[in-house]
Amino acid sequence: MNAFALALRNLARQRRRSLLMIAVVTFGFAAFALAGGFVAQSFETLREGTIRTVGHLQAVDPRAVGRAEDVTLEFGIHDAHRARAVASQDPDVAAVLPRIEFVGLATNGSRSIPFLGVGVDPEPEAKATLAPEMLVKGKYLSGDGDDSVVLGTGLANALGVGVGGRITLLATTPDGSLNAVDGIVAGLVDVKIKELNDRYLAAGIGLVSRLVQSEDIVSKLVVFLKPRVDEAKVGERLKAALHAAGFPLAIQRWQDLAVFYGQVRLLYIGIFGFIGAVLVVIVILSAAIVMAMAVTERTREIGTLRALGTRPAGVRKMFLVEGVALALIGCAAGALLALIVRWVLNASGLTLPPPPGGTTGAPLNVKLYPLTYGVGFVAMLVTMTVAAYFPARRASRLPIVDALTHV
Amino acid sequence: MKEGAGALVEGRDLHRAYVLGQARVPAVRGVSISIAPGEFVALQGPSGSGKTTLLNLLGLLDSPDSGQVVVDAKEADTLTEDERSDLRRDRFGFVFQTFNLIPVLTAEENVGYPLALKGVEGNARRDRARELLASVGLPDKAEVRPDLLSGGQRQRVAIARALANDPAVVFADEPTANLDSHTADEILELMRGINASRGVSFLFATHDPNVVRRARRVVTLHDGMIESDRAL
């Protein structure tokens, strides 16, 4: 009879206690797998959302890194069309989007509201970013040359304009003078963050260039990469290519730009880590108690095994294998439970509350991430082994004579 | 045989005391004894005389406070815990008053356990276990678990287990104490037969006059010391 089969028989002998321990592992594993799936899904959603907003990489004037401009396009990229063409030549680049970032005032004739503006190339922007998906009314920008603008819902409300409404945009030019152009509201968007929603304005790069009176100058080039490429390597390559073409630009990765992503990730990791730690402690304590009781109850048996010639390591192995067997059974049941609960949750149509600073929640969607199941399995296995180790060690060190006379 | 060459197991000036609360109670005091091949020895004496303690010391289940146990000319206190375990597995068999069978194993598996410890695999182990069960009169109980066996049957399984690795000495601590007299007689006859046919030495710690009557050598202990050592 092998050690595993013997462990199963011993577990079956102490059926009620073994079932209790299996239940602890099952619920611990299921909770870990579900929470892990939920957090991983949240990370992925947040990551995708962030990348589709800021791109994988951004090429900017090195002076713009970590600094705000004193005047519009102070750190702009000149000869932007050529720089964009150079960046687009990299085989791993999917799209290069020029953007002009500026601030200004939007007025409906009687009321003026400050805004944070972005000038974009509408068609590739619509393809690569979340912009069209954020649209709640009207349509997104469609052409570079027209006077269309898109407003955050909060800004539109403040201005009292809707789709088709006319507004005037005022902004400073690179030489510091003030200029104004008229725009027509094509659509309203919800950018999910209330503060930004109250200030957001997007327009075609042609309209913005007219407003700030610049010619072929952009604030940055936003670079989207093809799937599954090494961002860092492409970033290095792009930097070298741009430098070689006479554009001494800095390359920023999306992680550097998405402070919010980093903060939310840290928050989730903290929460998940805490939950995981609590689960591990519960499982360790439960398993240690169960294994200690097993050792106590089977003390005479341990004495007999030792008398027959079982080495101390053999006794340790016996209890460790029982711990591992409990972990394996509990994890298998936990995986099944997690799959069932996941199906029920996803079918329930529940909606999560908005993330910190957000305006809309997302449907609850716990995805199946094999990695979390794998990590949960390893965690439970290690936890049970650790929990079983100390009672097992105690069992292996029992004086044989004392063990044989244990009552 | 008190001491001498050719001994399987030898105890030299063994002392062992136990601590009970604040008191230190001597259990064995300066005992020297040798067990030779093929002996059938009874350790007798009143309760507390040190029979079981001496049995445990000679069987390497316990260590003396002072003195030396020598097995196959090896001094036990020079051995590691693993070496002591291996020596018990290979050279000794044990039969206990309360049978001490592993409850989750069948009779065959119980008998096969010491063989498994020695690395005897699958069919060879099964065949040997069944042969031993047949030799103790339980050819049809191989698949039965201990809780379904009578006391006498359990002790027969324990004897078969003790013989699994062809031991030189079987240590039996009150092997008949939990058996009715008829069954006790059967068990003693069985052990006597094994002693005669296989040449395995037996050392009993016992109160049972039936055991003493069958022994060829009786060692009487009193207050942890040998009072007499008689060949019969």
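From a predicted model like this one, the values you see are computed outputs, not experimental measurements. (Residues numbered from 1 in each chain as written. Chains lettered and ligands numbered in written order. Predicted model: local features only at pLDDT ≥ 70, side-chain atom pairs only at ≥ 80, totals over all residues. Heavy atoms only, no water.)

Turning next to the overall build of chain A. Scanning chain A for helices and strands turns up 14 helices and 12 strands. For a compact globule of 407 residues, the expected C-alpha radius of gyration is about 22 Å, and chain A comes in at 31 Å, more than 25% above that figure. Projected onto its principal axes, the C-alpha coordinates of chain A cover approximately 100 × 50 × 30 Å. Out of the 407 residues belonging to chain A, those deemed buried represent 47%. Summing over all exposed atoms, chain A offers an accessible surface of approximately 18,900 Å²; the carbon and sulfur share of this is 63%. Both charge centroids of chain A, one from 40 positive and one from 32 negative side chains, sit 18 Å from each other. (Helix = DSSP H or I, 4+ residues; strand = E, 2+ residues; numbered from the N terminus. Rg over C-alpha atoms; globule rule 2.2 N^0.38 Å. Buried < 20%, exposed > 50% of the residue type's maximum accessible area, 1.4 Å probe, protein only. Areas by Shrake-Rupley, 256 points an atom, 1.4 Å probe, with all protein chains shown as cover. Lys, Arg positive; Asp, Glu negative; His and termini not counted. Charge placed at Lys NZ, Arg CZ, Asp CG, Glu CD.)

Turning next to the domain arrangement of chain A. Domain annotation of chain A identifies domain 1 (3-50 + 261-404) and domain 2 (62-248). The centre of domain 1 of chain A, based on its C-alpha atoms, is set 50 Å off from the matching centre of domain 2 of chain A. (Domains from an automatic or database assignment.)

Residue and element names in this part refer to chain B. Strand order in the open sheet made by the six strands is E6-E7-E8-E3-E9-E10, with mixed pairing throughout. The outermost strands of the open sheet, each flanked by one partner alone, are strand E6 (92-95) and strand E10 (225-231). Between one strand and the next, the sheet's axes are offset by a mean angle of 15°, whatever the strand orientation. Of the strand pairs in this sheet, strand E3 (residues 40-44) and strand E8 (residues 201-206) are connected by five bridges, and their pairing is parallel. Within the sheet, the bridge partner assigned to Val41 lies in E8 and is Leu203. Packed on one face of the sheet, helix H2 (residues 81-91) meets E6 and strand E7 (169-173) and runs near 80° to E6. (Pairing = 2+ DSSP bridges. Axes fitted to C-alpha atoms, helices over the stretch in contact; angles between N-to-C directions. Contact = heavy atoms within 4.5 Å.)

Attention now moves to the packing of aromatic side chains. Counted by the stated rule, this structure contains 13 aromatic pairs over all chains. Ring geometry for Phe32 of chain A and Phe272 of chain A: centres 5.4 Å apart, planes at 40°, overall tilted. Residue Phe32 of chain A is located in helix H2 (residues 15-54), and its partner Phe272 of chain A is located in helix H10 (residues 259-297); the two are separated by 240 residues in the primary sequence. Of the residues examined, Phe32 of chain A reaches a relative accessible area of 15% and is grouped as buried. Taking relative accessible area as the criterion, Phe272 of chain A reaches 19% and is therefore assigned buried. Geometrically, the ring pair formed by Phe102 of chain A and Phe115 of chain A is edge-to-face, given 5.5 Å between the ring centres and 85° between the ring planes. Residue Phe102 of chain A is located in strand E3 (residues 93-107), and its partner Phe115 of chain A is located in strand E4 (residues 112-120); the two are separated by 13 residues in the primary sequence. Of the two residues, Phe102 of chain A and Phe115 of chain A, neither departs from the other in class, the shared state being buried. Among the aromatic residues, ring-to-ring pairing joins Phe92, Phe94, Phe96 and Phe171 of chain B into one connected group. One residue, Arg192 of chain B, lies across the ring of Phe40 of chain B, its end atom 5.5 Å from the ring centre. (Phe/Tyr/Trp six-rings, centres within 6.5 Å; stacked < 30°, edge-to-face > 60°. Lys NZ or Arg CZ within 6 Å of the ring centre and 35° of its normal.)

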